[in-house]
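# Close look at the chain arrangement
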Amino acid sequence: MTSPSDTRAATATAQEEVAHPQGFPAGSLPIGREITGRILPPLVALATVFVLWWALYLVFPRLLPGPLSTLHEAVRLLSEGTFLFHMYQSLRRVFVGSIVAMFFSVAVGIYMGTVVMGERFFQPLVVLGLTIPGLMWSLIAVMLFGINEIAPYFAVAVTIFPMLVINIWAGVKALDKELIDMSHVFHFSPWMKISQVIVPQLVPNIFAATRYGLGLAWKVVVVVEMFGTSNGVGYQVMKAYQIFNMEAVIAWTLTFVAAMILIEYGVINLVERRLTAWRPKVEVWRR
Amino acid sequence: MAQLLVKGAEKWFRREDGRPLKILDRLSFEAREGCVTVVVGPSGCGKSTLLNVIVGLEPLDRGELVFLNNARELPRRPLIGYVFQSPRLLPWKTVGENIALALKGAGVDQREREGRVHRYLELVGLKEFVNQYPLYLSGGQRQRAGLARALAIESDLVLMDEPFASVDELTARQLRQTTRHLCEQLHRTVLFVTHNLAEAAYMSDFVVALTERPACMAEYLANPLPSPRQWSPEIYGFAAELESKVTLKEEGDL
């Protein structure tokens, strides 16, 4: 074993090699920079849309409802007891369908990226799936399963599945071979290879796929709900459309968009930041 | 800890046009138990391929590898530690977790893992960095972590593939001292590949000099320098002797 003096010498040597201070760089910015750097840009983007909408409303007042009256309608919806129920129904359909699609796409994507025969088998099916519009799947789902909960789950899952698989497959093809070899050398079990070496490398692809998939999933759910369910945001939008209440149509849409933005910033971003905490922040254009 | 016998090892690759390319040609040598055997040879002669064959990343086309323990063949798949040219640490795992995973792969009991992680990180001088992510360490520190991982599994054989080639010379010198020192203390069987002859002279107990591709053994030498090893002019004298045995393709390898 080593003597204490050897250990001290080695420790001193290692400390001389320190390139970065111990601990992570502080994640939070000073309040001023926090506001200008993180909060202001999305607010400016939203304000721009709002201003453009208002300008269009002033030019075409009969064609388009005003932002304020729409906002008023949205507030009225929010104050109604049924709002949360319908929102919950739609979000549940989006998430169940997406999770089912994610589960299968991770398995198929890894299989395609690691087994040549798997790639040859699934590639034409994935390309085929990409060409089929979500609307078609929505119609097929309602015709196949009728007016029940299976239809939206199925429509969401099969619509976003090919996009997710493409992302995961691309990620698997770009896996670091050196790390795979390392895991082989150190006798990692197949499960350790998948969970500790392969999946962590796919995290950026999985998050990109999740964002894209959720965006697409809610569009499919709304379509299915319009003619295949008796509740949900899509069903409410259809009801508003039938009485030509454009303010309600836009208000329902806006509230759903707001919910999705909350999920993006409140859940996905936080989880992603936590899972990629090991990565130093890169500032390409330093201010 | 084991002794490795390489007997008549032959390895071919297939070129893009389909013609075979011989890499190893009836290569035979031994890596003695508890000693550091350094393999030197010209760049591209097949040194890294030899390590890949030994560790099982590439199959051997002819010949055999025999692992002996007390003159008896190992009854199981040998456990091999590997220090790569780049450290190959999982960047999403802390230094401690990286070593613990290798220990798990080696079948080390969960209760023993934490103790070993701390013991070997202390040996390489990284005790304080157990919870640090690799991307926040310097190149030399990462290589130390890779060394700790290879030693911690307490394997039958440790392979080192030009482990200090990717760090600056001053750091490389410190790492050589630490590594040699640990090899002497822990009595590990080490097969060390390099094309740096001064490094070979410093690190080795025995030297296997290879010819140009296809690699076969040109010379098998015992290092006459005493242990514990110190940097001294004699190192360069032995390196010059090695140079006369090895044909280097590139200048400035010494």
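Our structure is the block above this text.
## So, the sheet that holds strand β3 (residues 36-40) of chain B
Residues and elements named next belong to chain B. Here six strands make up an open sheet; going across it, the order is β6-β7-β8-β3-β9-β10 and the pairing mixed. Each edge of the open sheet carries a strand with a single partner, namely β6 (80-83) and β10 (217-222). Recorded for the sheet is a direction-independent mean angle of 15° between the axes of neighbouring strands. Strand direction decides the pairing type here: β3 and strand β9 (residues 206-210), joined by four bridges, are parallel. If you follow Val38 over to β9, its bridge partner there is Val207. Here helix α4 (residues 139-152) sits on the sheet in contact with β6 and β7 (157-161), set at roughly 175° to β6. Contacts from helix α7 (residues 233-245) reach β9 and β10 within the one sheet, and its direction differs from that of β10 by about 160°.

## Some thoughts on the sheet that holds strand β2 (residues 20-31) of chain B
Residue and element names in this part refer to chain B. Read across the sheet, four strands follow the order β2-β1-β4-β5 without closing on themselves; strand pairing throughout is antiparallel. Sheet topology places β2 and β5 (72-73) at the edges, where each strand pairs with a single neighbour. By the bridge criterion, eight bridges tie strand β1 (residues 3-14) to β2 in an arrangement that is antiparallel. For Leu5, the partnering residue across the bridge sits in β2 and is Glu30.

## Here we look at the pairing of β3 of chain B
All names here are of chain B. With five of its five residues buried, β3 lies for the most part within the structure. Here β3 shows no split at all, with Val36, Val38 and Val40 on one side and Thr37 and Val39 on the other all buried. Summarising the sheet, β3 and strand β8 (residues 190-194) pair through five bridges and their orientation is parallel. Pairing of Val39 across the sheet is with Val193, part of β8.

## Focus: the packing of aromatic side chains
For the structure shown, the criterion picks out 15 aromatic pairs over all chains. An angle of 45° between the planes, with centres 5.9 Å apart, marks the rings of Phe164 of chain B and Phe192 of chain B as tilted. Separated by 28 residues along the polypeptide, Phe164 of chain B in the loop between β7 and α5 (169-186) and Phe192 of chain B in strand β8 bring together distant segments of the chain. A relative accessible area of 5% places Phe164 of chain B in the buried class. Here Tyr202 of chain B and Trp231 of chain B contribute two aromatic rings whose centre-to-centre distance is 4.6 Å and whose plane-to-plane angle is 0°, an arrangement assigned as stacked. With a gap of 29 residues between them, Tyr202 of chain B in helix α6 (residues 197-203) and Trp231 of chain B in the loop between β10 and α7 connect regions that are remote in the sequence. Among the aromatic residues, those joined into a cluster by ring pairs are Phe50, Trp53 and Trp54 of chain A.

## Notes on helix α1 (residues 47-55) of chain B
Side chains of residues three or four places apart in an α-helix project in the same direction, reflecting 3.6 residues per turn. All names here are of chain B. Most of α1 is tucked away: seven of the nine residues are buried. Regarding α1, the residues found buried are Lys47, Thr49, Leu50, Leu51, Val53, Ile54 and Val55. Positioned one or two residues after α1, Gly56 has a phi angle of 95°, which is positive.

What counts, and where the lines are drawn
- Position numbers for residues count from 1 along each chain, tracking the sequence in the order it is written.
- Whichever chain is written first is A, and whichever ligand is written first is 1; the rest continue in order.
- Per-residue local features are limited, in this predicted model, to residues with pLDDT of at least 70; the limit for side-chain atom pairs, both in listing and counting, is 80 or more; totals at the level of whole chains, interfaces and linings are taken over all residues.
- Calculation of side-chain values draws on the structure's entire complement of heavy atoms; hydrogens and water are dropped beforehand.
- Strand pairing follows a simple DSSP-based rule, namely that at least 2 bridges must link the two strands.
- Put simply, DSSP marks the helices as runs of H or I at least four residues long and the strands as runs of E at least two long, and each gets a number from the N terminus on.
- For every element, the axis is a line fit to its C-alpha atoms; helices are fit only across the contacting stretch, and the angle between N-to-C directions ranges from 0 to 180 degrees.
- Contact between two residues is taken to exist if any of their heavy atoms lie within 4.5 Å; hydrogens are not considered.
- Three labels apply to residues, based on accessible area from a 1.4 Å probe with only protein chains included: buried if under 20% of the type maximum, exposed if over 50%, partly exposed otherwise in between.
- Think of it this way: a Phe, Tyr or Trp ring, Trp meaning its six-membered ring, pairs with another when their centres are within 6.5 Å, and the plane angle makes it stacked under 30 degrees, edge-to-face over 60, tilted otherwise.

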